[in-house]
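Below are the chains, spelled out letter by letter.
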Amino acid sequence: WAGEEITRSANAALAKVRAMYGQMLTRPQYDDLIRRQSVQEISAYLREKTSYAAALSGVQDSAIHRGQLENLLHKDLFHQYIRLVRFLGPHHHMGFYVVMDMEINLILTCMRDLISGHPGTMVAEIPAFMSAYASFDLFALAQVRDFSQLLETVANTPYGTVLRQCAQADVRDGRVDYTAVEVALRTYYYTTLLGYCAKLHGESRRQVQELISLRAETSNLNTIFRLKTTFQAPPERIRKMLLPVRCRIGEKQLDRLVEARDAQTFMKMLCSISPYKRALSPEMNYIESGTEAIRCGLIRHKLHFSTDPQVVFLAFILLRQIEAENIIRVIEGVRYQLPPERIGSLLCH
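Treat the numbers as computed from the prediction; the structure is a model and nothing was measured. (Residues numbered from 1 in each chain as written. Predicted model: local features only at pLDDT ≥ 70, side-chain atom pairs only at ≥ 80, totals over all residues. Heavy atoms only, no water.)

Student: Can you break down the environment of Asp61 residue by residue, with the values?
Tutor: Counting through the fold element by element, Asp61 comes out in the loop between α3 (39-49) and α4 (66-88). Given the relative accessible area of 16%, Asp61 is considered buried. Sequence-wise, Asp61 and Glu41 are 20 residues apart; in three dimensions their C-alpha atoms are separated by 7.4 Å. Residue contacts for Asp61: discarding those within four places in its chain leaves Gln40, Ser43, Ala44 and Arg47. (Helix = DSSP H or I, 4+ residues; strand = E, 2+ residues; numbered from the N terminus. Buried < 20%, exposed > 50% of the residue type's maximum accessible area, 1.4 Å probe, protein only. Contact = heavy atoms within 4.5 Å.)

Structure, rendered in structure tokens:
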């Protein structure tokens, strides 16, 4: 009976996820969205023409600002995640994916505020909707005024262990290297998720592992390109900022990419030696559009063809995160009065 119950739950979960997937933004809707003239028009369009109607119900378009709209988008994503986790049941291993992601982003935001000399400015960004699920007090985080208080706030979580290790390794003038903390937290995040993959079996484990590791690998490629383009960073500096996760590129290939003398050489090498060569071009000035397209392709393939609830759940949440990021890019593009064609080129769909 237990096996039959799990099977029924899995089938119902698959149907639920695919129904939610069918409500995501379409290409014509994105085309309409990038032609809005203000944050207020974007808000009105999302509420009146898309599945975000419920999330934006009661919002006064004339008064909404960028931060509020972004917060509502993240809230909607989180609530979808919570509904699906409950639907999938206690046997589901990936149920904390979004919570970890948001917690780490909040810790890093707090650190950036401390470094900039403006502690406490993240108060308005605290997602109160996830406070019941967080592993530390989110409102205490907003009151942090120095690194020692940050350590105290997350002391009883795995993040506290990571931060203490970073502090012991590199403290300068009472401050901890932000980059080292970010890499350490992201490494913990991916290591933890991949650890949960080990609890899965066969094809399910392989597919979930691929979804997770591809996200990390494309993040590494974006980091290498950005460091070579903006900072002309030497290889030893780049290596310190990479995540220890590999997917489609082997260690020797990655090392060659890191050693490339500049961004142009890096792109030529990436397009010739790696499995990414069909999706990327040496002339690209914005690598993220290419790497995200690769991720979207894999994610949509899993959503269309996988019958494993673990895989389909993770793929849907990943795609919903990308959709939220797309909308935020539209908001930023409109804010800076970019032409619609330019905004559209920054989106992945």
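So that's the structure; there's more coming.
Student: I'd love a proper account of the environment of Glu332, names of residues and values included.
Tutor: By secondary structure assignment, the location of Glu332 is in helix α15 (residues 309-335). For the pair formed by Glu332 and Gly344, sequence separation is 12 residues and the distance between their alpha carbons is 12 Å. The residues contacting Glu332, other than those within four sequence positions of it, are Arg66 and Glu70.

Student: Could you give an account of the packing of aromatic side chains, naming the residues involved and the relevant values?
Tutor: Taken as a whole and assessed by the stated rule, the structure comprises nine aromatic pairs. Their ring planes at 85° and their centres at 6.0 Å tell us that Tyr159 and Tyr188 sit as a pair that is edge-to-face. Residue Tyr159 is found in helix α8 (residues 158-169), and its partner Tyr188 is found in helix α9 (residues 178-197); the two are separated by 29 residues along the sequence. Cation over ring: Arg237 sits above Phe231, and NZ or CZ is 5.2 Å from the ring centre. (Phe/Tyr/Trp six-rings, centres within 6.5 Å; stacked < 30°, edge-to-face > 60°. Lys NZ or Arg CZ within 6 Å of the ring centre and 35° of its normal.)

Student: Could you give an account of the nonpolar core, naming the residues involved and the relevant values?
Tutor: Grouped burial of nonpolar side chains is what soluble globular proteins tend to show. Among the nonpolar cores identified, the biggest contains 95 residues, and Phe78, Leu150, Phe266, Met267, Leu270, Leu303 and Phe316 are the most heavily contacted of them. Ranked by residues supplied to this core, first place goes to helix α5 (residues 97-116) with 12 residues. With residues up to four places along the chain from it excluded, the contact list for Phe316 reads Val17, Met20, Tyr21, Met24, Gln80, Leu84 and Leu303. Within the second largest apolar cluster, 21 residues are counted, among which are Tyr52, Leu73, Val330 and Ile343. (Core = buried A, V, L, I, M, F, W, Y, C linked by side-chain atoms within 4.5 Å.)

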